[in-house]
Amino acid sequence: MARISTSISSLLRPAASKAPFFRLSPVPYLLPSSLSLKRRKFPVMAAVETTSSMKSANCNLVKSPSHPTYDLKAVIAFALAEDAGDLGDVTSLATVPSEMEVEAHFIAKEDGVIAGITLAEMIFDQVDPSLKVEWSVRDGSNISKGVKFGKVYGCAHNIVVAERVVLNFMQRMSGIATFTKAMADAAHPACILETRKTAPGLRLVDKWAVLIGGGKNHRMGLFDMVMIKDNHISIAGGIANAIKSVDSFLEKRNLKMPVEVETRTLEEVKEVLSYTNQNRSSLTRIMLDNMVISLPNGNVDVTMLKEAVEMIDARFETEASGNISLETVKKIGETGVTFISSGALTHSVKALDISLKIDTELALQVGRRTNRA
């Protein structure tokens, strides 16, 4: 990472500059130093009026989840470095006059829930702090196809440099938020959770999108919750032995954190309840895994899940897992389970189609022709 960033930095700013990494000058580098350039305004092609006055994304923002070691600015820098390679944006360097300023608009190309506005502002700021960004929506807002919902203006070169990284994050996050919102609404009164099935390196971003969509976060990683799963149980020689080992471990180290155990049968649920009735335990949640049975007609049988929830009788939080889909989640939520977890929220995300255009009239004309605006 250090080798890559050094080579990019040398291409994006003068060697003597002490500017922070990826805080680009409003005027792109790799130009003869003898040139004296003045910015000129590029004619902005207006398409449709915005639905409301622009305001900062920082109003009522959904804060990102916390992580002790995750460096979001470094993730952004890596994404920019991945795009820039060792020469920078050669197309823009060749075609975009260095002094040009433009205004570009975000356009939704399908209905959904917008997420990643706060992150987009961070990316633009990391590329060029002089860029101005305004929005008519905030993270978590519903958006309709064809609507302009934000704009960025300033140095054309730097807007284009940031464009794809901003859109990649926003499209993925908005896709996650849109699906999460649909699942959370259907699951009520149960709460919908994601899992650790996230894109490597993007876990905090993926989990942030779930919060924006109205879901709740499961554990962030291996460090913030004890989760006794099937392999742990097999290695420990049984479910009671596994819980006992966890209780001993936490007590010896004076650690306090949530503890969850996975159960796959009603017999395992009974064994957990028997152990906790006879011993003081740190257990806080029981996962009821694959207790939702798929039926040939596409429906699901939740009898086993409901029986397990009634057996636990609110002594612990309960979490349903397995065979969770938008079609089944409503019936699962009606069993009385506390949480429903679904890996599909993040591992099978369909990105929401968003674009950033300077000539918005032509973009919308093409969008209407292809039924994408």
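Residues numbered from 1 in each chain as written. Predicted model: local features only at pLDDT ≥ 70, side-chain atom pairs only at ≥ 80, totals over all residues. Heavy atoms only, no water.

The name that an unreviewed UniProt entry assigns to the protein chain is nicotinate-nucleotide diphosphorylase (carboxylating), with the source organism given as Platanthera guangdongensis. Reading the Pathway (unreviewed entry) entry of the UniProt record for the protein chain gives the comment "Cofactor biosynthesis; NAD(+) biosynthesis; nicotinate D-ribonucleotide from quinolinate: step 1/1." The Sequence similarities (unreviewed entry) comment attached to the protein chain in UniProt states, word for word, "Belongs to the NadC/ModD family." (UniProt positions renumbered as here; feature names shortened; annotations may be inferred.)

A. Highlighting the pairing of strand E10 (residues 285-289). Among the 5 residues of E10, 5 are classified as buried, and the element is accordingly described as predominantly covered. Going residue by residue along E10, you find Arg285, Met287 and Asp289 tucked away on one face and Ile286 and Leu288 tucked away on the opposite face as well. Between strand E9 (residues 259-263) and its parallel partner E10, the chain crosses via helix H9 (residues 266-278), and the hand of that crossover is right-handed. The pairing of E10 with strand E13 (residues 317-321) spans 5 bridges and is classified as parallel. Within E13, the position partnered with Arg285 by the bridge is Glu317. (Buried < 20%, exposed > 50% of the residue type's maximum accessible area, 1.4 Å probe, protein only. Helix = DSSP H or I, 4+ residues; strand = E, 2+ residues; numbered from the N terminus. Right-handed = clockwise from strand over helix to strand, strands pointing away. Pairing = 2+ DSSP bridges.)

B. Representation of the nonpolar core. Core analysis: the largest hydrophobic core is formed by 47 residues, its most contacted members being Phe106, Leu119, Phe149 and Met170. Listed by contribution, the elements that provide at least two residues to this core are helix H2 (72-84), strand E2 (100-108), helix H4 (117-127), strand E6 (148-155), helix H5 (156-187), helix H6 (203-212) and strand E15 (354-357). Here the element with the most residues in this core is H5; it accounts for 12 residues. Grouped together as the second largest cluster of nonpolar side chains are 40 residues, Ile243, Val269, Leu283 and Ile324 included. (Core = buried A, V, L, I, M, F, W, Y, C linked by side-chain atoms within 4.5 Å.)

C. Examining the packing of H4 against H5 more closely. Interhelical geometry of H4 versus H5 gives an angle of 160° and a closest axis separation of 9 Å. It follows from the interaxial angle that H4 and H5 lie roughly antiparallel. Taken as a pair, H4 and H5 cross one another with a handedness that is right-handed. Residue-level contacts link Ile117, Leu119, Ala120, Ile123, Phe124 and Val127 of H4 to Asn158, Val161, Ala162, Val165, Val166, Phe169, Met170 and Met173 of H5. The residue makeup of the contact of H4 with H5, split by class, is 13 nonpolar, 1 polar and no charged. (Axes fitted to C-alpha atoms, helices over the stretch in contact; angles between N-to-C directions. Parallel < 35°, antiparallel > 145°, perpendicular 65-115°, else oblique. Left-handed = near helix turned anticlockwise from the far one by under 90°. Contact = heavy atoms within 4.5 Å. Nonpolar A, V, L, I, M, F, W, Y, C, P; charged D, E, K, R; others polar.)

D. Geometry of the sheet that holds strand E7 (residues 191-193). Read across the open sheet, the 6 strands follow the order E7-E14-E13-E10-E9-E8; overall the sheet is parallel. Bordering the open sheet on either side are E7 and strand E8 (226-228), each of which pairs with just one other strand. Strand-to-strand twist in this sheet, taken as the mean axis angle between neighbours without regard to direction, amounts to 25°. Across 4 bridges, E9 lies against E10 in parallel orientation. Bridge pairing in E10 places Val261 opposite Ile286. Sheet strands touched by H9: E9 and E10. Its angle to E9, the strand with the most contacts, is close to 145°.

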